[in-house]
Amino acid sequence: MRMLIMGPPGAGKGTQAAQITSFCGILHISTGDMFRAEIKESTELGKKLKSYLDSGQLVPDEVTVKVIEKRLQKPDCEKGFLLDGFPRTVPQAEALDGILGKDGLDLIINISVDSAALLERLTGRRVCKQCGKTYHLLYQPPQDEGVCDNCGDELYQRSDDTRETVSNRLEVYQNQTAPLLDYYAQRGIVRDINGEQSIDDVFQEIKKVIRGIV
Ligand SMILES: [Zn+2]
């Protein structure tokens, strides 16, 4: 079982990825984790990665592809894996096909959530100015509006969480992933999952899809 999980920021991808890998008994391969591992081991790749990340640059495709290739060759990947965060673009997907050979990936799980719902989720966070406790207007509201339960100080919205910033992030995601979804849809391996349900219901839907293909 070789899978890729996709979904916009705020779709709950991380939570679902953890449940899927434990359900299927396969590895969760996230680029973030791999980068950290290479850096920790101070490999040649790790040193290169560190220099990109330290200077705030994007890691070039060829470097990311090398890290993935190295990881996928380890014997613990034979039973299958769930990729998370890679590929993000069509050239990366083509490179992955080169690594995996003619069979490629078996399944793309695409968690979809309507933009308006995502905006609501992602702009709802509020933070206390004084003690730093975080709230969410929908999921964990304070007892009194705009006031910290802990210390009574004022709550504010971080600049990362404003409507404008979040809309931009979502737009970047849509523009980047639309061609990638098309690329995989041509093979008939993309399954859209309705992400506007409870975490548990989303997972039930994913399980049905997985059972359908094994
Ligand atoms: Zn507080």
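Residues numbered from 1 in each chain as written. Predicted model: local features only at pLDDT ≥ 70, side-chain atom pairs only at ≥ 80, totals over all residues.

Points about the overall build of the protein chain
Phase 1 of the analysis: Along the protein chain, the regular secondary structure elements total eight helices and eight strands.
Phase 2 of the analysis: Based on the C-alpha atoms only, the size of the protein chain along its principal axes is roughly 60 × 40 × 30 Å.
Phase 3 of the analysis: Burial statistics for the protein chain: of 214 residues in total, 24% are counted as buried.
Phase 4 of the analysis: A separation of at least 24 residues holds for 70% of the contacts in the protein chain among residues at least 6 apart in sequence. (Helix = DSSP H or I, 4+ residues; strand = E, 2+ residues; numbered from the N terminus. Buried ≥ 20, exposed ≤ 12 C-beta atoms within 10 Å, placed from the backbone. Contact = placed C-beta atoms within 7 Å.)

Structural notes on the sheet that holds strand S1 (residues 2-6)
Phase 1 of the analysis: Pairing in this open sheet of five strands is parallel, and the strands run S2-S3-S1-S4-S8 from one edge to the other. The outermost strands of the open sheet, each flanked by one partner alone, are strand S2 (27-30) and strand S8 (190-194). Ignoring which end each strand starts from, the neighbouring axes of this sheet average 25° apart.
Phase 2 of the analysis: Here four bridges tie S2 to strand S3 (residues 81-84), and the two strands are oriented parallel to one another. Within the sheet, the bridge partner assigned to Leu27 lies in S3 and is Phe81. (Pairing = 2+ DSSP bridges. Axes fitted to C-alpha atoms, helices over the stretch in contact; angles between N-to-C directions.)

Comments concerning the sheet that holds strand S5 (residues 125-128)
Phase 1 of the analysis: The sheet built from three strands is open, its strands ordered S6-S5-S7 with antiparallel pairing. The two strands at the open ends of the sheet, each matched to only one other strand, are strand S6 (134-136) and strand S7 (155-156).
Phase 2 of the analysis: Bridging between S5 and S6 involves three bridges; their strand directions are antiparallel. In the sheet register, Val127 faces S6, and the bridge partner there is Thr134.

Some remarks on unusual backbone geometry
Phase 1 of the analysis: Omega for the peptide link from Phe86 to Pro87 comes to -5°, which places this bond in the cis form.
Phase 2 of the analysis: Despite not being glycine, Ser42 shows a phi value in the positive range, around 50°.
Phase 3 of the analysis: In this fold, Ser42 is placed in the loop between helix H2 (31-40) and helix H3 (44-54).

Keep in mind that these numbers describe shape and distance, not what the molecule does.
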